Amino acid sequence: MKKLIFLSLFAVLFLGFMVPANAAVVNVGVVEDGYLGMGNWYMAREYAKAFEYNFGDGAYDSVAYTNFDIEGDLAGYTSDMIVDASLIFYMTPQQGAGLTPVPVDETSNFAINAYDGVYDQTPGYAGETVHYDHTVTAQYEWISIDITDIVQAWLDGTYDNNGIEISSPGYDGYGWYWNASEASEYTPYLEVNTVPIPGAIYLLGTGLLGLAGLKRRKA
């Protein structure tokens with residue numbers, strides 16, 4: 001019986017070590033989003049946008065805001081379980097007022113910061129800025145930006161808000177437009193590769209260890 005217990009325990013631990021580190025992919029949904037333009041918040045829209053006017057005072061800049069369901073979709077995960085995390089959203093042609101969208105084959109940029117504060121107040125930048133250059137390949141396309149450090153900081157409780165601000169600094173005369181959370185299948189989301197939580201393996205291994213200890217005491 002003792003031999004069977006230890007063989008079973010070895011098999012369980014072996015399976016646990018064999019689980020790939022990035023086997024679990026979690027898609028994290030949007031809680032709320034919108035954009036700040038001309039000093040006003042525009043929330044619950046079908047699109048968001050980011051651009052910088054060349055007026056110097058920033059009064060007409062557009063800065064997007066997106067908040068994610070970290071407490072729900074990543075419940076039980078900790079920062080050290082995050083392998084990588086990407087913001088994914090669907091770029092479109094121009095929506096409403098603003099600058100000309102970035103043309104196909106042209107390259108422009110994003111600056112992404114963690115948001116720290118209440119979304120309906122002035123912008124609340126925090127942490128290190130994620131800079132990303134993107135060359136447009138089509139009028140409609142999915143764009144993916146790595147924001148692993150920000151997601152890990154959310155799980156560590158570093159910020160008071162599980163949101164990001166997306167801007168396009170460095171005036172080049174172009175703007176970015178994309179579908180927001182109300183846009184059905186084109187909703188933005190986070191794609192997070194995580195270390196799996198092997199709960200069943202852990203519980204089984206713990207039980208076998210306890211049983212082995214019980215047998216040892218009886219002997």
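**Some details on the overall build of the protein**
- Looking only at helices and strands, the protein has four helices and 13 strands in total.
- Buried residues in the protein amount to 42% of all 219 residues.
- Long-range contacts, defined here as pairs at least 24 residues apart, represent 81% of the contacts in the protein between residues at least 6 apart.
- About 11,600 Å² of surface is accessible on the protein, with carbon and sulfur atoms providing 54% of the total.

**Observations concerning the confidence of the model for the protein**
- Taken over all residues, the pLDDT of the protein has a mean of 82, while the share at 70 or more is 75%.
- Low pLDDT (under 50) marks residues 4-22, which in the prediction has 26 contacts with non-local residues, meaning those over four places away or in another chain.
- In the model, residues 214-219 has pLDDT below 50 throughout and makes three contacts with residues more than four positions away in sequence or in other chains.

**Brief notes about helix α3 (residues 148-155)**
- Residues of α3 that are buried: Thr148, Ile150, Val151, Ala153 and Trp154.
- Looking at the residues trailing α3, positive phi occurs at Gly157, about 75°.

**Here's the deal with the packing of aromatic side chains**
- Under the defined criterion, the tally for this structure stands at 18 aromatic pairs.
- The interplanar angle of 55° and the centroid separation of 5.0 Å between the aromatic rings of Tyr90 and Trp142 together place this pair among those described as tilted. Taken together, the positions of Tyr90 in strand β6 (residues 82-91) and Trp142 in strand β10 (residues 141-146) put the pair 52 residues apart, joining distant regions of the chain.
- Cluster of aromatic residues (ring-pair linked, three or more members): Phe89, Phe110, Tyr132, Trp176 and Trp178.

Procedures and definitions
- The numbers attached to residues start from 1 for each chain and follow its sequence in the written order.
- Where totals are concerned, whole chains, interfaces and linings use all residues; where local detail is concerned, this predicted model gives features only for residues with pLDDT of at least 70, and gives and counts side-chain atom pairs only at 80 or more.
- As a rule here, side-chain values come from all non-hydrogen atoms in the structure, and water together with hydrogens is ignored.
- For the purposes of this entry, the term helix denotes a DSSP run of H or I that reaches at least four residues, the term strand denotes a run of E that reaches at least two, and both are numbered from the N terminus.
- Burial classes follow relative accessibility: with a 1.4 Å probe on protein chains only, a residue under 20% of its type's maximum area counts as buried, one over 50% as exposed, and anything between as partly exposed.
- A contact between two residues is defined here by any heavy atoms of the two lying within 4.5 Å.
- Only the protein chains shown count as cover for residues, and the accessible areas themselves come from Shrake-Rupley with a 1.4 Å probe.
- Every residue is assigned a pLDDT by the predictor, reflecting its confidence on a scale from 0 to 100.
- Side-chain rings of Phe, Tyr and Trp (the six-membered ring for Trp) are treated as a pair once their centres are within 6.5 Å; stacked means planes under 30 degrees apart, edge-to-face means over 60, and tilted covers the remaining angles.

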